Amino acid sequence: MELLELPAWLETAWPHLVAVLTVLVSVLASAHAVLHKRDVRAAAGWVGVAWLVPVLGAVLYLLLGINRIRRRARSLSLRLEHGRFPPSPGVAPLGAEALGASRPEAAHLAPLVRLADAVVRRPLLPGNRVTVLESRTNAYPAMLEAIDGARTSLALCSYIFDNDSAGRRFVEALDSAVKRGVEVRVLVDAVGARYTWPPIMGRLKRAGIRAARFLPSLMPYRLPVANLRNHRKLLVVDGRVGFTGGMNIRKHFWPGEHAARDLHFRLEGPVVGQLQETFAEDWAFTTRERLSGDAWFPALAPAGPALARGIADGPDEDFETLRTVLLGALATARTSVRIVTPYFLPDATLITALGVAALRGVRVDILLPERGNLPVVQWASTAQLWQVLRPGCRVFLSAPPFDHAKLMVVDGAWSLIGSSNWDPRSLRLNFEFDVECYDAALARGLDAVVEERLKQARPLTLEQVDARSLPVRLRDGLARLLSPYL
């Protein structure tokens, strides 16, 4: 059988056709990057890849460079109208003009309220109570007690939900709730669900619990979704009591002296509706089921003194919302900024903002773990600490065990709690949820938490950072080159 011969003209023309198609593909990839990448460095980098690695560069851009999450989130027909639920009847949002009258100690932070009004697009609500919980003592017990008391609905979102002794205890509590007739929904990130094998999803479904994975993939470590993870930690009981913070569900945080350190928070009052609406949006995004009605969204009466607002951030939003709020908080601070975070890889703009605050005379304290759980991240973090130490920020390293807590306190009047770290993954690549609070009593309590941690921490000086050996500095510097992806 003879092979089919190509026409003579095609034999001579096909190299030119391939060249034209190669150029066309590179032009299209470059044009898309120029038009859609907000970061000039990212746009220039992808243009370079498209031309220096013909065809393959365009393919890499198609797989890694295009944000499909934004497009999918906007096109989803079940996405809630304007992405927001109405506030509870009788709860009036508080504007920047009224901040000084209701919180004299925070009057100078009115510009921060206006900034958050513009970028967060959720109201600042009065009448909330925020209770601080510690992983080593009362966080899980408080969450399980709330689940055991649920009567109408339970919404649980976690980045990691391990199939271990802690995870099974939560499944038992959720199973009991289902048997009592409670409507239960559980959302687990598809990557976080695979931290243990077999995953917890099978156990949840066998118990009759409606559970779903956020952005599932058949390829466990497929790069296009490696960073676009749901890192939120939310629990809402009967639409009235909420929990959020830094804690996943795993035995590492089970109460006891050997548990990893972390903070979680119990919330009551109108702001709980903002936790619930964030969960409902994620649930609709994942399952196309819309949660509505009094079981999920009851009217919420005032429960405490705190002004609070939920800040949902992620790659589907128009702005880098939380990063903008952090910049605003640093710009309006007058006396003190206290930051506790397990991962510290701020970008150049945030580093400058921290330095400017310190140079203005603001006391800027940054508390980091002395021994992190991700060595490469810690190396990269160490490589850039000189940039905050030189202008006068103070850095402290907390002794083991590993501290996974995340919080920020400004001027003893404003607090930020939630799931976000100070790194590109949290501030640009993942879905996060935080709560800003104006409450002097809460801020004093969190300052006390920081002080307690500082007693077991050691200060890190610029001289100590500069004294690292050349091999260590090279190692840390090479790790820093990976910081946009860590």
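Everything below is about the structure shown above.
Residues numbered from 1 in each chain as written. Predicted model: local features only at pLDDT ≥ 70, side-chain atom pairs only at ≥ 80, totals over all residues. Heavy atoms only, no water.

Draft legend 1. Local environment of the overall build of the protein. Helix and strand counts for the protein stand at 18 helices and 15 strands. Every one of the 486 residues in the protein was classed for burial, and the buried ones make up 55%. In the protein, 81% of the contacts between residues at least 6 apart in sequence involve partners at least 24 apart. Accessible surface for the protein amounts to roughly 21,800 Å². Of this, 61% is attributable to carbon and sulfur atoms. (Helix = DSSP H or I, 4+ residues; strand = E, 2+ residues; numbered from the N terminus. Buried < 20%, exposed > 50% of the residue type's maximum accessible area, 1.4 Å probe, protein only. Contact = heavy atoms within 4.5 Å. Areas by Shrake-Rupley, 256 points an atom, 1.4 Å probe, with all protein chains shown as cover.)

Draft legend 2. Up close: helix α16 (residues 440-454). Helix length check: α16 (15 residues) gives 21 Å between terminal C-alpha atoms against 21 Å at 1.5 Å per residue, within 8%. Those residues of α16 lying buried are Ala440, Leu442, Ala443, Leu446, Asp447, Val449, Val450, Arg453 and Leu454. (Expected span 1.5 Å × (residues − 1).)

Draft legend 3. Structural view of the packing of helix α13 (residues 375-384) against helix α18 (residues 470-480). At their nearest, the axes of α13 and α18 sit 7 Å apart, and the two run at 100 degrees to each other. As judged from the angle between their axes, α13 and α18 are roughly perpendicular. Mapping the contact onto sequence places Val376, Trp379, Ala380, Thr382, Ala383 and Gln384 in α13 and Arg475, Asp476, Gly477, Ala479 and Arg480 in α18. Its residues assigned to classes, the contact of α13 with α18 comprises 5 nonpolar, 3 polar and 3 charged. (Axes fitted to C-alpha atoms, helices over the stretch in contact; angles between N-to-C directions. Parallel < 35°, antiparallel > 145°, perpendicular 65-115°, else oblique. Nonpolar A, V, L, I, M, F, W, Y, C, P; charged D, E, K, R; others polar.)

Draft legend 4. The arrangement of empty space enclosed by the protein in detail. Here the structure, examined in full by the defined rule, presents 4 cavities of 30 Å³ or more. Of the pockets and cavities examined, the largest cavity occupies roughly 90 Å³. Lys406, Leu416, Ser420, Trp422 and Asp434 are the residues nearest the centre of the largest cavity, which is lined by 15 residues in total. Going through the elements one at a time, α11 (321-332), β12 (407-410) and β13 (414-418) are the ones with two or more residues in the lining of the largest cavity. When grouped by side-chain class, the residues that make up the lining of the largest cavity number 9 nonpolar, 4 polar and 2 charged. (1 Å grid on protein atoms, 1.4 Å probe; cavity = no way out; pocket = protein on both sides within 12 Å on 5 of 7 lines; lining within 4 Å. Points joined across faces, edges and corners; volume = space filled by probe spheres on them.)

Draft legend 5. Structural detail: the environment of Ser26. With respect to the element layout, Ser26 can be found in helix α1 (residues 8-36). For Ser26, a relative accessible area of 2% puts it in the buried group. Along the primary structure Ser26 and Val59 are separated by 33 residues, whereas in three dimensions their C-alpha atoms are 9.6 Å apart.

Draft legend 6. Representation of unusual backbone geometry. Of note, the bond from Trp197 into Pro198 is cis; its omega dihedral lies within 30 degrees of zero at -5 degrees. Within the fold, Pro198 resides in the loop between β3 (183-189) and α9 (200-206). Residue Pro400 is joined to Pro401 through a cis peptide bond whose omega torsion reads 10 degrees. Within the fold, Pro401 resides in the loop between β11 (394-398) and β12. If you check the backbone angles, Leu215 has positive phi at about 50 degrees while not being a glycine.

Draft legend 7. A look at the packing of aromatic side chains. Applying the stated criterion across every chain yields a total of 8 aromatic pairs. Measuring from ring centre to ring centre gives 5.3 Å for Tyr140 and Phe170, while their planes differ by 75 degrees; the resulting arrangement is edge-to-face. Of the two residues, Tyr140 sits in helix α7 (residues 139-148) while Phe170 sits in helix α8 (residues 165-179), which places them 30 residues apart along the sequence. In this structure Phe170 comes out as buried when scored by relative accessible area, which is 0%. Summarising the aromatic geometry, the rings of Phe279 and Trp283 are spaced 5.9 Å apart at their centres and angled 15 degrees between planes, so their arrangement reads as stacked. Placement of the pair is Phe279 and Trp283 together in helix α10 (residues 272-287), with a separation of 4 residues, close to one helical turn. (Phe/Tyr/Trp six-rings, centres within 6.5 Å; stacked < 30°, edge-to-face > 60°.)

Draft legend 8. Fine view of the pairing of strand β7 (residues 263-268). Here strand β1 (residues 125-134) runs beside β7; their pairing, made up of 6 bridges, is antiparallel. Considered in β7, the bridge of Glu134 is made with Leu263. The pairing of strand β6 (residues 241-245) with β7 spans 5 bridges and is antiparallel. From the neighbouring strand, Gly242 faces β7, where its bridge partner is Leu267. (Pairing = 2+ DSSP bridges.)

Draft legend 9. Fine view of the nonpolar core. One finds Met408, Trp414 and Tyr438 to be the most contacted residues of the largest nonpolar core, which totals 49 residues. Sequence-distant contacts of Met408, defined by excluding residues within four places in its chain, comprise Leu326, Ala329, Leu330, Val337, Arg338, Ile339, Trp414, Ser415, Leu416 and Trp422. Counting 45 residues, the second largest nonpolar core, distinct from the first, contains Leu228, Leu234, Leu263 and Leu300. (Core = buried A, V, L, I, M, F, W, Y, C linked by side-chain atoms within 4.5 Å.)

Draft legend 10. Molecular detail of α7. The buried fraction of α7 is high, at 7 of 10 residues. Considered for burial, the residues of α7 that qualify are Ala139, Tyr140, Ala142, Met143, Leu144, Ala146 and Ile147.

Draft legend 11. Structural context of the pairing of strand β9 (residues 336-340). Taken across its 5 residues, β9 has 5 buried, putting it largely inside the fold. The two faces of β9 match: Ser336, Arg338 and Val340 on one face and Val337 and Ile339 on the other face are all buried. Here β9 runs beside strand β10 (residues 363-369); their pairing, made up of 5 bridges, is parallel. Of the residues in β10, the one forming a bridge with Arg338 is Asp365. With helix α12 (residues 348-359) bridging β9 and its parallel neighbour β10, the resulting β-α-β unit is right-handed. (Right-handed = clockwise from strand over helix to strand, strands pointing away.)

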